[in-house]
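Observations on chain architecture
Here is what each chain is made of, one letter per residue.
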Amino acid sequence: MAVIEARDLRKDFTIRRRTGRFRREKRVVPAVDGLDLTVEAGEMLGYIGPNGAGKSTTLKMFTGVLYPSAGYVRVCGFEPVPQRVAMARRIGVVFGQRSQLWWDLPLGDSFDLLRHIYRVPAGDHAARLARCRRLLDLDGFIDQPVRQLSLGQRMRGELTAALLHGPSVLFLDEPTIGLDVVSKQAVRGFLADLGAAGDTTLVLTTHDLADIERLCRRLVVVDAGRIVHDGTLDDLHSRYGSQRRVVVDLDEPVEVEPQVTGAVLEATESGGRRLTYALSGPPGPLLAALAGTGRLRDVAFVEPEIEDVVAKLYTTGTSRASGRS
Ligand SMILES: Nc1ncnc2c1ncn2[C@@H]1O[C@H](COP(=O)(O)OP(=O)(O)OP(=O)(O)O)[C@@H](O)[C@H]1O
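Residues numbered from 1 in each chain as written. Predicted model: local features only at pLDDT ≥ 70, side-chain atom pairs only at ≥ 80, totals over all residues.

To continue, consider the sheet that holds strand E2 (residues 24-40). For sheets, the rule is that strands pair by backbone hydrogen bonds, running either parallel or antiparallel. In space, the 3 strands of this open sheet follow the order E2-E1-E4, with antiparallel pairing throughout. Two strands in the sheet have a free side with no partner beyond their single neighbour: E2 and strand E4 (70-75). Averaged over all pairs of adjacent strands, the angle between their axes in this sheet comes to 25°, without regard to strand direction. Across the face of the sheet, helix H1 (residues 55-62) comes into contact with strand E1 (2-18), E2 and E4 while running at roughly 65° to E2. (Pairing = 2+ DSSP bridges. Helix = DSSP H or I, 4+ residues; strand = E, 2+ residues; numbered from the N terminus. Axes fitted to C-alpha atoms, helices over the stretch in contact; angles between N-to-C directions. Contact = placed C-beta atoms within 7 Å.)

Below is the structure:
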């Protein structure tokens, strides 16, 4: 079942700029430029793209914060802005820059208030809170006022607050930005488990490539308000030609390096004792040829770096639309 459906969704921002004493220039920025997207229940979707690509604007339209300029959008069957109140029971939102916690109250009091606001049955609330306390390690700071919490502690509180009413979709805008390594791992591990359980759809924007690798089974890449890729991370690797490499150590150099179909010798180091091949097919034939030399000491596979793939995508695979005037 589709939990998010967008068809030809658009959001234009009009920017007015003073160009002279009495002159103003009007420019229309198509922040989201005809988005077609369907997200099925239980998906873990990474919505990524360079700065200004339109990610936050899209999430704001999905969560009822912004009215679209045109197009069709439904989230859990609701039209986000007009049906925002009803939709709020079905979605959870974690936007780094906007908190849903009460700044001066202890964290635990915010959770109580949210239970009343969403009218969550006491038993459900207690069970969900107990789970979050355990998995997000909240006990050390649950009695502290929110304003005294570190960013990592607050983010763990925000995640809990977003989940206490049992939403079917969780929207996260940069959930790990600014967090230290330990908090990042805690948040990622928690979201990975939540997604794997299968009853919450996750939609997240992130610039953190480790988030993408850990959390996004499907990647939608946007640029200048348009989708430029929709698929798995593996699809992205094959589309952008990123290849696995095999690094081979030999006891002694061979007279002629083995050459097989599907493997290209890229580098020879250490006087011929270390060979690096780029693979475009299965490694079996290459390994068999190397084993046949009788000098094979060690083999290591080097996976393509996601940094390289995403950098390539952002710089070459996109058509940057300029603002319409
Ligand atoms: N309130 C606004 N008024 C005018 N222009 C805006 C407004 N909000 C966003 N924009 C413009 O819309 C475009 C998309 O912005 P958006 O914040 O959605 O991008 P993003 O992909 O989330 O970027 P980032 O990765 O930097 O957060 C940008 O050109 C931005 O300047």
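Once the structure has been displayed, the description carries forward.
As a further point, take helix H5 (residues 151-163). The end-to-end C-alpha distance of H5 is 18 Å, a good match for the 18 Å that 13 residues give at a rise of 1.5 Å each. With 11 of 13 residues buried, H5 lies mostly within the body of the structure. Those residues of H5 lying buried are Gln-153, Arg-154, Met-155, Arg-156, Gly-157, Glu-158, Leu-159, Thr-160, Ala-161, Ala-162 and Leu-163. Summarising the contacts, the buried residues of H5 are in contact with strand E5 (91-95), helix H3 (107-117), helix H4 (122-135), strand E6 (169-173) and helix H6 (181-197). (Expected span 1.5 Å × (residues − 1). Buried ≥ 20, exposed ≤ 12 C-beta atoms within 10 Å, placed from the backbone.)

Before going further, it helps to spend a moment on the site of the ligand. Surrounding the ligand, one finds Phe-13, Ile-15, Val-29, Ala-31, Gly-49, Asn-51, Gly-52, Ala-53, Gly-54, Lys-55, Ser-56 and Thr-57. Mapped by element, the contributors of at least two residues to the shell around the ligand are E1, E2 and H1. At 3 residues, H1 tops the list of elements feeding residues into the shell around the ligand. Class assignment for the residues of the shell around the ligand results in 5 nonpolar, 6 polar and 1 charged. (Near = placed C-beta within 6 Å. Nonpolar A, V, L, I, M, F, W, Y, C, P; charged D, E, K, R; others polar.)

You can read the domains of the chain as domain 1 (2-90 + 167-238) and domain 2 (243-303). Computed from C-alpha coordinates alone, the two centres of domain 1 and domain 2 are separated by 43 Å. (Domains from an automatic or database assignment.)

Our focus in this paragraph is the packing of H3 against H5. It is at 10 Å that the axes of H3 and H5 come closest, and there the two elements cross at 15°. As judged from the angle between their axes, H3 and H5 are roughly parallel. The handedness of the crossing between H3 and H5 comes out as right-handed. Residues Leu-107, Ser-110, Phe-111 and Leu-114 of H3 touch H5, and the partners they reach there are Gly-157, Thr-160 and Ala-161. (Parallel < 35°, antiparallel > 145°, perpendicular 65-115°, else oblique. Left-handed = near helix turned anticlockwise from the far one by under 90°.)

Positive phi is not limited to glycine here, since Asp-137 has a value of about 55°. Relative to the helices and strands, Asp-137 is located in the loop between H4 and H5. The phi dihedral of Ser-270 is positive, around 50°, even though this residue is not glycine. Secondary-structure assignment places Ser-270 in the loop between strand E11 (263-269) and strand E12 (274-279).

On to the sheet that holds strand E10 (residues 244-250), then. The 4 strands are arranged E11-E12-E10-E13 in an open sheet whose pairing can be described as antiparallel. Edge strands, defined here as strands with exactly one partner in the open sheet, are E11 and strand E13 (296-302). Neighbour-to-neighbour, the strand axes of the sheet open up by a mean angle of 20°, direction not taken into account. Sheet topology places E11 next to E12; 6 bridges connect them, and they run antiparallel. Paired with Ala-263 across the bridge in E12 is Leu-279. The sheet contacts of helix H9 (residues 284-291) involve E10, E11, E12 and E13, and relative to E13 the element is tilted by about 160°.

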